[in-house]
Every structure is written in C-alpha cells, then in structure tokens.
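Residue strings, one per chain:
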Amino acid sequence: LKKKQGYRPPAEVPVFEDPAWEDERRYQESLKTEAKLLVFGRKAQTGPVRLGRGAFWNPLTTQLYYTDILGKVVHIYDAEKKIDTVVNACGTVGFAVPDEDGKLYVGTNAGIEVVDGLDLTKVDTKKKPGDYWISPYADVEKGKKAKTINCGTVDAKGRIWVTTGETSVQLRQPTGGIFCVHGEQMVFNPLEAGLTHVGGIAFSMDGKTLYAADLSLNSVWAYDHNVSTGVLTKPRVLFKASTQVKGIVSDVCLDSEGKLWVPHLGGGAVVRYDPEDGKVIKIMRVPSLLCDSVAFGGENLEKLYIVTGSETVSMDREYYAGSLFVIDSVGVRGAPIRPFKPKSEGGQPEAAAGATPAPSATAEGKEGPVEPASEPLENKYSGAPDKEEIGS
C-alpha cells in the first residue's frame, strides 16, 4: 500500500525533486567538494548547530572549539578520538578559547566566563552538557543592557578580543563595540557607523591590523591596531564580498601567507581573499549552504575546519546543515595560534565579575604597560614543526 502511495524510505542523501529549487545546481557542485564530514548535525548530541561561531583550534590537546549562539552550547571536538563533547553555556555564546592551564573561557551574553570542572587535557566524554558550571570572569559592558557576544579571538599578547552587538544583520546603527580584555585591563573601541554586525575577527601576522567580517554590509573591514595599548584606529572597508559566490561573509581567519579565508553564509563555500585588493584566490565548496565559521587546525595547521549552521534553512533540503566539516589540505597552512593569558605580567590578579572599562586616557591612545607576546601554542606542542615551517 505504501508503494502504491509513492512512499519511499528515508535516503542517506537528500533527493531533490523540485525543479524550481534554485540551489539544486549548487548542491550538485558541492558533491565535488573536498570537505569531509566530521560531526553530522542530525545525529549530534544536541542536534544540528543553529548559528555557528568562534571556531578555534588548540594544538596542545588537538581539539577544535566552536559555539552555537542560538543553541547556547559550546562544542569540543577531539580530532584524535573523533568525539564531540558539548557544554551548556546557559546563554548565547559567541566564542571559546583556551589558556595554557587547560581552562576554557567562553563569551556569553553575561560577559566572559570560565567553564568550571573542565580540564581540556582530559575531557570526560561521559558528562552531559548540563554537568558543567559557568563562572563569571569579566563583564565587558558593565551597567549596560546585555548584548550578544558575537565572536572573539586572541592576539599576540594573549589578550581576548570580543565584539558585542545584536544578532540581526538588518540593523543600521552600531549597538556594541570591540573590547580588548586582559586581566583587569580593558579597552573599549566603539563600532563605526555602518559596522553593525561583526561575525568574526582576526589579526594580521604582525598584529598591527585587525580584520572584521561585517554581515550587515557584506564586507571585510580593517583597523589599525596599537599592539601596546589595544586601541583601534582608522576603520575602513577593506573590500566587498565577491559576487562569484552567493551569500554574505560571516567569519574570517588568516593563513601563514597573510591571506584571508572567509566563509560565505548562504553561499556554501569558503573563499580565500587577498587583503591587498580583495581579489578571490581560491573557492572551496562545502556541502552545506550556511557556512558560519572557519579555523585552521591539525598537527601542522594544514587542515581547514568549517562549522555550518541550520537556522533559516529547510532541513529537508539542506541535509548536512548544522554539521562540522574538514578539508585536509588547502595548499597553505594557518597562522600561528596563541592561548589566552588570564593574568597580566607582574602578578596582577584575574579580573573579577563586573570588571570596568579602561579610563578614557587609555582610549585616547596613551601608551600602557608593554607586555611580552604570548608564545604560539604550536611551539609548545611536542609534534609541532619549527617556527619557520608554520609561518611564524
């Protein structure tokens, strides 16, 4: 009877029968991709990732951290054991970065917090997402209405950089800012007019330029960065997203040659751009429409990890939406990765909940205490290559 009614059992791959669906051709092209499926969203512990952010590789533990802002969880993917562990963040969460002692710091709508009871060197895979506790570390917007931390990264001095704002890409006025946090020191850099929704940030090889992926204008911005004080100046649109690929830019990461890798949300691809002129160098297709976040990883930083989302798409048509993928080699290695340094040099205590922004004198550009750069994590990993080999 089921056969007469046209019933067919669920297939392992999606079957597209609607000739009016415009993205069928894109899907057929994506079948030629070099991306490999690591975590299948439909079978994941907490389901498909809704809105992925903050992909970050830890070579000390061979783990990839990424977050689901709307799902309010942090994913810890162990590349050796091929196990994905989930931690409940108790709120929207935009990034997760490690320190050298095995602690994990996350950015939520309550500020920067630390995951208690979690040792990254020996993650208990039997624990459930709600078995961990989140403790406050720093409130980046004390006294203001809580905003979503959209993304975060770590600079050469071991400082956390975060962006705050609303999650809507249709905003026309800035609602947040870019914060530099290190111990009790904090510098606030307001968003410029037009830059309303930052999906990802990354620093140049010399640390003197901050790149920001802007979803609202579908472009990549650049700031001049004072490495000593953490002050950003000269905001500018570096380039507009290429029309060769559909969708809007949602993140940015750097390779060892100083080029930018930008995922296109809605385009099913990750594009390598030249920051000098915005020209497209390479396009890597992904079998999922919503490419949210990317990061280099692997023993020699030769692999490219891609986090995809599932929000606003039909799961019937996007079979692999909300999954984690990896491309084993893209012809270039990633830029050096550095850990977060919770304490400032000189023995300053860690920042407590409700840390206040730096005085206006700092924001005006006056030089603060100069601290030594944080050593790249690769140089502390026993199996890592030499500095020259990874592009340090």
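Above this text sits the structure in question.
Here is a short report on the structure shown in this document. (Residues numbered from 1 in each chain as written. Predicted model: local features only at pLDDT ≥ 70, side-chain atom pairs only at ≥ 80, totals over all residues. Heavy atoms only, no water.)

You can see glutamine 63 is positioned in strand 3 (residues 63-68). In this structure glutamine 63 comes out as buried when scored by relative accessible area, which is 3%. There is a polar contact of 2.7 Å between the side chain of glutamine 63 and the side chain of tyrosine 65. Here glutamine 63 is in contact with Phe56, Trp57, Asn58, Ile76, Tyr77, Asp78, Leu120 and Val123, once residues within four sequence places are set aside. (Helix = DSSP H or I, 4+ residues; strand = E, 2+ residues; numbered from the N terminus. Buried < 20%, exposed > 50% of the residue type's maximum accessible area, 1.4 Å probe, protein only. Polar contact = N/O pair within 3.5 Å; in protein donor to acceptor, adjacent residues only side chain to side chain. Contact = heavy atoms within 4.5 Å.)

Bringing the nonpolar core into the picture now. Ranked by size, the top nonpolar core spans 46 residues in total, and within it Leu104, Ile112 and Ile160 carry the most contacts. When sequence neighbours within four positions are dropped, the list of residues in contact with isoleucine 112 reads Phe95, Tyr105, Val106, Pro136, Tyr137, Ala138, Val140, Ile160, Val162 and Val181. Counting 18 residues, the second largest nonpolar core, distinct from the first, contains Ala35, Met284, Phe296 and Tyr320. (Core = buried A, V, L, I, M, F, W, Y, C linked by side-chain atoms within 4.5 Å.)

Here the focus is the packing of aromatic side chains. Each aromatic ring pair is described using two quantities: the centre-to-centre distance and the angle formed by the ring planes. Tallied over the entire structure, the rule returns eleven aromatic pairs. Judged by centre distance (5.4 Å) and plane angle (40 degrees), the ring pair of phenylalanine 40 and tyrosine 319 falls under tilted. Separated by 279 residues along the polypeptide, phenylalanine 40 in the loop between strand 1 (36-39) and strand 2 (52-58) and tyrosine 319 in the loop between strand 24 (303-308) and strand 25 (324-327) bring together distant segments of the chain. Plain terms: the ring middles of tyrosine 319 and tyrosine 320 are 5.1 Å apart, the flat faces sit at 85 degrees to each other, and that makes the pair edge-to-face. Among the residues examined, tyrosine 319 registers a relative accessible area of 14% and is labelled buried. When its relative accessible area of 18% is taken as the criterion, tyrosine 320 is described as buried. (Phe/Tyr/Trp six-rings, centres within 6.5 Å; stacked < 30°, edge-to-face > 60°.)

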